[in-house]
Amino acid sequence: MSDHQITLTTRDGHELTFSCDDGLDVLSAGEQASIRLPSLCRDGACGACLGHCGEGEYTLGDHNPAVLSEAAVSKRDVLLCRTYPQSDLKISAPYDYAHINFNKHEARQAVITELEPIADRTVRLKLQWQNEQDDGKAVEFEPV
C-alpha cells in the first residue's frame, strides 16, 4: 500500500500535511490524522469540501455534476470526500484554518424528540442525549 503526502493550504494561508493511503479519500485520511476537515454529506453531493488540486495525480470518485461540473473538473477542482490520491497532492482548501477541528470526537447517542417543518427547506430538530452526565456537553453545528 502506498502512502501519499497531502499538503492542504487553507484559505487564510495555513498549511497542513498528512498521509493518505491508497484507496482512501482525502477527507478520511485527514480524520485518520486527527484533522477533521469541514464537510457535510461526504458523498459528493453538497460541495462543502470543494477545493482545488494544484499538484499531483488523483482519481475523482462519483459526484453530483451540479456541484462539480466537467469544466471545474478540467480545471482540477476537487471534492475532498471524492478525491483518491495517486501521488502526493497539494490542495487549496475552501475554508479558513479556524474551521478545522483537531479534537477527538467521541460517539454519542441521542433520540430525536422533535422534528418540525418551520419553513420551505428548514426543520427544527430537537435531540435528547442518552447517558449524559448532569453537566452535559455542547454540540458544535454550523448549518449551510
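In what follows, the structure referred to is the one given above.
Chemist: Is there a simple way to think about the packing of aromatic side chains in this case?
Modeler: Working definition: an aromatic ring pair is given by the centre-to-centre distance plus the angle between the planes. Evaluation of the coordinates by the stated rule reveals 1 aromatic pair. Ring centres 5.5 Å apart and planes at 40° place the aromatic pair Tyr97 and Phe102 in the tilted group.

Chemist: In this structure, what is going on with the side chain of Thr83? I would like to understand it.
Modeler: Mapped onto the elements, Thr83 comes out in strand β6 (residues 83-85). A polar atom in the side chain of Thr83 sits 2.7 Å from the backbone oxygen of Leu79. In this structure Thr83 touches Leu24, Asp25, Val26, Tyr58, Thr59, Leu60, Val78 and Leu89, once residues within four positions along its chain are discounted.

Chemist: Explain the environment of Glu114 here, please?
Modeler: Along the chain, Glu114 turns up in strand β8 (residues 110-119). For the pair Glu114 and Leu127, spaced 13 residues apart in sequence, the C-alpha to C-alpha distance is 7.1 Å. Dropping the residues within four chain positions of it, Glu114 is found in contact with Arg124, Leu125 and Lys126.

Chemist: Would you take a moment to explain the pattern of salt bridges for this structure?
Modeler: Oppositely charged side chains may form a pair once their charged atoms are brought near each other. Summed over all chains, the structure comprises 5 salt bridges. A salt bridge links Arg11 to Asp96; the shortest N-O distance between them is 3.2 Å. You can see Arg11 sitting in the loop between β1 (3-9) and β2 (15-21) and its partner Asp96 sitting in the loop between β7 (89-92) and β8, a full 85 residues away along the chain. With a shortest N-O distance of 3.6 Å, Lys126 and Glu114 are connected by a salt bridge. With Lys126 in strand β9 (residues 122-129) and Glu114 in strand β8, the pair connects residues that are 12 residues apart, well separated along the chain. By relative accessible area, which is 40% here, Lys126 ends up partly exposed.

What counts, and where the lines are drawn
Residues numbered from 1 in each chain as written. Predicted model: local features only at pLDDT ≥ 70, side-chain atom pairs only at ≥ 80, totals over all residues. Heavy atoms only, no water. Phe/Tyr/Trp six-rings, centres within 6.5 Å; stacked < 30°, edge-to-face > 60°. Helix = DSSP H or I, 4+ residues; strand = E, 2+ residues; numbered from the N terminus. Polar contact = N/O pair within 3.5 Å; in protein donor to acceptor, adjacent residues only side chain to side chain. Contact = heavy atoms within 4.5 Å. Salt bridge = Lys/Arg side-chain N within 4 Å of Asp/Glu carboxyl O. Buried < 20%, exposed > 50% of the residue type's maximum accessible area, 1.4 Å probe, protein only.

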